[in-house]
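Below are the chains, spelled out letter by letter.
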Amino acid sequence: MYLNWLPENISTYGGEIDSLFRLIYAITLAWFIVTVGALLSFVWLFRRRDGKRAAYITGDKLSQAAWLLIPAALVLVLDLWIDFRGGDAWAKVKLHVPPSEIQVKVTGKQFNWEILYPGPDGRFGTADDLQIDNELHVPVNKAVGVALRSKDVIHSLFLPNLRLQQNAVPGREFHAWFQATRTGVFEIPCAELCGFGHSGMVGHLTVHTAEEYDNWVKEQWPSPKGEAIPR
Amino acid sequence: MSNPPRVAPSPSPVAQASHGERGFWRTFIFSTDHKTIAKQYLSLGIFMAFVGGYLAYVMRWQLAFPDTSIPGFGFVGPETYNAIVTNHGTIMVFFVAMPILLGSFGNFLIPLMIGARDMAFPRLNMLSFWILAVSALIILTTFFIPGGAASAGWTGYAPLSARAEYTGVNWGINLWLLAHALEFASFLMGGVNFLTTAITMRAPGMTFFRLPLVIWQLLTASVIFLLSVGPLIAAAVMLLMDRLLETSFFVPEGGGDPMLWEHLFWFFGHPEVYVILLPGLGAALEVLAVFSRKPIFGYRWIIYSTITTGVLSMIVWAHHMFVSGMDPRLVMPFSISTILISVPIALIIFSMILTLWKGSIRLTTPMLWALGFIVMFILGGLTGIVLGSAPANIQVHGTYFVVAHFHTVLLSVVIFGGFTGLYFWFPKMFGRMMNEPLGKLHFLLTLIFFNLTFFPMHAVGLAGMPRRIANPLQYEFLTAAQPLNVQITISAIGLIIAQLPFLINFAWSIVAGKKAEPNPWEAATLEWTAPSPPPHDNWGETIPTVYRGPYEYSPPGVREDYLPQDRALTARSAQEKR
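Residues numbered from 1 in each chain as written. Chains lettered and ligands numbered in written order. Predicted model: local features only at pLDDT ≥ 70, side-chain atom pairs only at ≥ 80, totals over all residues.

Overview of the overall build of chain B
Put simply, the rule reads: A run of DSSP states H or I qualifies as a helix once it reaches four residues; a run of E qualifies as a strand once it reaches two. Both are numbered from the N-terminal end. For a compact globule the rule gives 2.2 Å times the number of residues to the power 0.38, and the radius of gyration it is set against comes from C-alpha atoms. Residues are scored as being in contact if the C-beta atoms we place from backbone atoms lie within 7 Å.
Broken down by element type, chain B carries 19 helices and zero strands. At 24 Å, chain B has a C-alpha radius of gyration in line with the 25 Å of a compact globule built from 578 residues. By principal-axis analysis of the C-alpha atoms, chain B measures approximately 75 × 55 × 50 Å. When contacts within chain B are restricted to residue pairs at least 6 apart in sequence, those whose partners lie at least 24 apart make up 82%.

Given below as structure tokens:
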């Protein structure tokens, strides 16, 4: 199926989006077949024949116009179906945001993603904040909150595998979130033209298992007590 | 000059003007004849299509075989690539689609189809074209100035476009903005002219509900253009001030807002899509009626749907901004209005298909293009549902899925709709027929390569390839899609080569085509009652009087299978008819 081109979904809400894709795909494919099928068969059936005159049908009468209005009403119903399903999915992705268990700040700048971790104390603006360019490390199955900014022009944080895309706009801060369901390393392209280095502006998301993540944290914030782990 | 003032305006300017011989310059260059101006728009559009097509070729080559030397261009670096992406978009939308579909068709068809001798303001009409020509010249110049051409995308999002240091392009973007302002001014004047002409200069008997649908659609296009372009002209001036005077309308330092530009751009940018679509749709409708020998099914419903589409097109713009960071609660209303626009558009498509029902269908070249238009337009319209649905949009926003969608839907209009009109009205424009077999070959090749080019782009987009990247090999996750990129590039070159039969046909037919009768297609609308090509004042002594609607094909009780709009029946039967 054509939708197999979608990259593997690894987020909790990606399934909502993918099922919407499947619904729209089914509906639009059916309409394409019906309308183009009708068109081609009419062209064949009513091709010019000698001595055969076309019928004079204006479609003005309501009984004739019903052939327009009823299919159009059906389109309306299907539209609303897609809208309602879309509304639910949108609410789940964008409006009902769970409290984040991990917080990071991501700042786009020509041509890197600056990723700021709050460190073991879980708070930004303290001495243990750590900035790593282009490397986003998160544990699997935890809700991650991303505060997204830009230093210069508009960038777009795009994580195809997470079904997450959000512009970063200078002068504003937007909040995005995700919860990854699978470990691995995934690319983070910039999806909004941001200058000559736009092509190749790419970061990496590393989704760790819980233990791996703890190890990664210990590497980044080596402390004598060895117990400081961000909640 | 010595004429006493009259109460009613007379067609005298044209009639007087056509008396004496006019020199080369006034006949071919600074002409006020709407038909000559239409040909000028057409020539400009075709010429700019070559420029835009060449840029597309460079882009596609770079995407398939990154950082290799491109035959006929050389190496393209990322800065140049951005400039090419930007200007390909700008040129194709503003200097190809608009001049051909609105400028050329509008100018040629409105007076001829409503029964007027010229536009209401012929000199303003000439000015509109020449301002557009200057604007096109400015765009072309920017390729040769220091710093290069504009490279902030055809959407020119601020702050990238607002400060020279972000792109390294200084006068390229300044002039790009100036060219936009001029182009908008040109089409503003054109739109005023279209509306005034169609409202005030219709022939006797030509009521609004006897106007051909393409006229309704050109007028609707003009209205939505007039209503939407003002904010963008203001925005373009504000952006120019941001660049030249360091104001901060669209940059956050100093309190500006980059998202304001996005809103202003798309408040115009989306209606603009329908400005281009409607004339193409209209051309296909005219051709469908003529070559099915049937009235258009549900004439009035199409008019109502056209107006509804125009109204809805003004309230969908933020669907280009679902991931921009706009308030998430506002997204669904825009998503719903976007998807609802499919209802009037679908109704028009249904009536096109039903027009074929029980027709007597002749598969001439214009008819093939019209049918091709419908099929490709359905495909492009349906993929628009994916993009209009906000949650699905998150995934495909800014990817090649968008590129695939708008090329399918817009090129179905510009290529298929445009050639529908061109092949159909060519005999009236140039007084000669085009070659049918060459036209059909052109159609077949274009249809094949069009789909081989743009259909696989949907897959590349679903795979996540962002637009406007210069080198897909920089991304591991795009490895699987790269063979498709190569295939798309080869097909795109094929699509460009497929236009050769047209060029040969076009050039040869103008010079040596078979002389055209006044009404070679046996069509019922008014332009076919004038000679081919029509003289400066279109009808000579008397303008036609209109007795009926535009699509009286195969009416009962008439020997021929069509009734021209201007043919008077006997008093009694005329009364019966309408």
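Read on, since the account is not over.
Remarks on helix H11 (residues 328–340) of chain B
Convention followed: Multiplying 1.5 Å by the helix residue count minus one yields the expected span of that helix. Residue burial here comes from a neighbour count, namely the number of other C-beta atoms, placed from the backbone, that lie within 10 Å of the residue's own C-beta, with 20 or more meaning buried, 12 or fewer meaning exposed, and in between meaning partly exposed.
The end-to-end C-alpha distance of H11 of chain B, which contains 13 residues, comes to 19 Å, matching closely the 18 Å that a straight helix rising 1.5 Å per residue would cover. All buried positions along H11 of chain B are accounted for by Val 331, Met 332, Phe 334, Ser 335, Ile 336, Thr 338 and Ile 339 of chain B. On its buried face, H11 of chain B sits against helix H2 (62–95) of chain A together with helix H12 (342–356), helix H13 (365–388) and helix H14 (390–396) of chain B.

Considerations on the domain arrangement of chain B
Residues and elements named next belong to chain B. Here is the rule we go by: All the domain ranges listed were derived from an automatic or database domain assignment. Gly is placed with the polar residues, together with every amino acid not listed as nonpolar (Ala, Val, Leu, Ile, Met, Phe, Trp, Tyr, Cys and Pro) or charged (Asp, Glu, Lys and Arg).
Taken domain by domain, chain B consists of domain 1 (31–391 + 514–577) and domain 2 (444–513). When each unit is reduced to the centre of its C-alpha atoms, the spacing between domain 1 and domain 2 is 22 Å. Listed as interface residues are 18 residues of domain 1 and, on the opposing side, 16 residues of domain 2. At the level of elements, helix H3 (34–64), helix H4 (78–114) and H13 are the ones that each hand at least two residues to the side of domain 1 that touches domain 2. If you tally residues by element for the side of domain 1 that touches domain 2, the top one is H3, at eight residues. Here the residues of the side of domain 1 that touches domain 2 are counted per class, giving ten nonpolar, five polar and three charged.

Overview of the interface of chain B and chain A
Contacts between chain B and chain A engage 82 residues on the former and 75 residues on the latter. If you tally residues by element for the side of chain B that touches chain A, the top one is H12 of chain B, at ten residues. Its residues assigned to classes, the side of chain B that touches chain A shows 52 nonpolar, 21 polar and nine charged.

Comments concerning the packing of H4 of chain B against helix H15 (residues 400–430) of chain B
All names here are of chain B. Just so we agree on the cut-off: Lines are fitted to the C-alpha atoms to define the axes, a helix being fitted only along its stretch in contact, and any angle between axes, read from their N-to-C directions, falls within 0 to 180 degrees. Each crossing is labelled by how the near helix is turned from the far one, with a counterclockwise turn of less than a right angle marking it left-handed and a clockwise turn marking it right-handed.
Running from amino to carboxyl end, H4 crosses H15 at an angle of 35°, the nearest separation of the two axes being 11 Å. Our pair here, H4 against H15, has a crossing hand that is left-handed. Residues Val 96, Ala 97, Ile 100, Leu 101, Phe 105 and Phe 108 of H4 form the contact with H15, whose own contacting residues are Leu 410, Val 414, Gly 417, Gly 418, Gly 421, Trp 425 and Met 429.

Remarks on the sheet that holds strand E1 (residues 102–109) of chain A
All names here are of chain A. Using the following cut-off: A pair of strands is treated as paired once DSSP finds two or more bridges between them.
As summarised here, the arrangement of the five strands in space is E3-E2-E1-E5-E8, forming an open sheet in which the pairing is mixed. Whereas interior strands pair on both sides, the edge strands pair on one side only; in this sheet they are strand E3 (130–133) and strand E8 (174–179). Geometrically, the sheet is characterised by an average inter-axis angle of 25° between neighbouring strands, direction not taken into account. Where E1 and strand E5 (residues 143–150) come together, seven bridges link them in parallel fashion. Across the sheet, Gly 108 pairs through a bridge with Ser 150, a residue of E5.

Details of the domain arrangement of chain A
All names here are of chain A. According to the domain assignment, chain A consists of domain 1 (2–95) and domain 2 (102–220). The centre of domain 1, based on its C-alpha atoms, is set 38 Å off from the matching centre of domain 2. Between domain 1 and domain 2, the contact holds nine residues from the first and ten residues from the second. Of the residues that constitute the side of domain 1 that touches domain 2, the class distribution is four nonpolar, four polar and one charged.

Section: the sheet that holds strand E9 (residues 184–189) of chain A
All names here are of chain A. Strands sit in the order E4-E10-E9 across an open sheet of three strands; the sheet is mixed. One side of each edge strand has no neighbouring strand; the edge strands of this open sheet are strand E4 (135–139) and E9. Taken over all neighbouring pairs, the strand axes of this sheet differ in orientation by 25° on average, direction set aside.

Topic: the nonpolar core
All names here are of chain B. Counted only if it meets this: Only buried Ala, Val, Leu, Ile, Met, Phe, Trp, Tyr and Cys residues enter a nonpolar core, and they are joined through C-beta atoms within 7 Å.
Of all hydrophobic cores here, the largest spans 263 residues; its most connected members are Ala 97, Ile 114, Ile 215, Leu 239 and Ala 284. When residues of this core are assigned to their parent elements, the largest contribution, 22 residues, is made by H4. When sequence neighbours within four positions are dropped, the list of residues in contact with Ile 114 reads Ala 198, Met 201, Arg 202, Ala 203, Met 206, Leu 211 and Ile 215.

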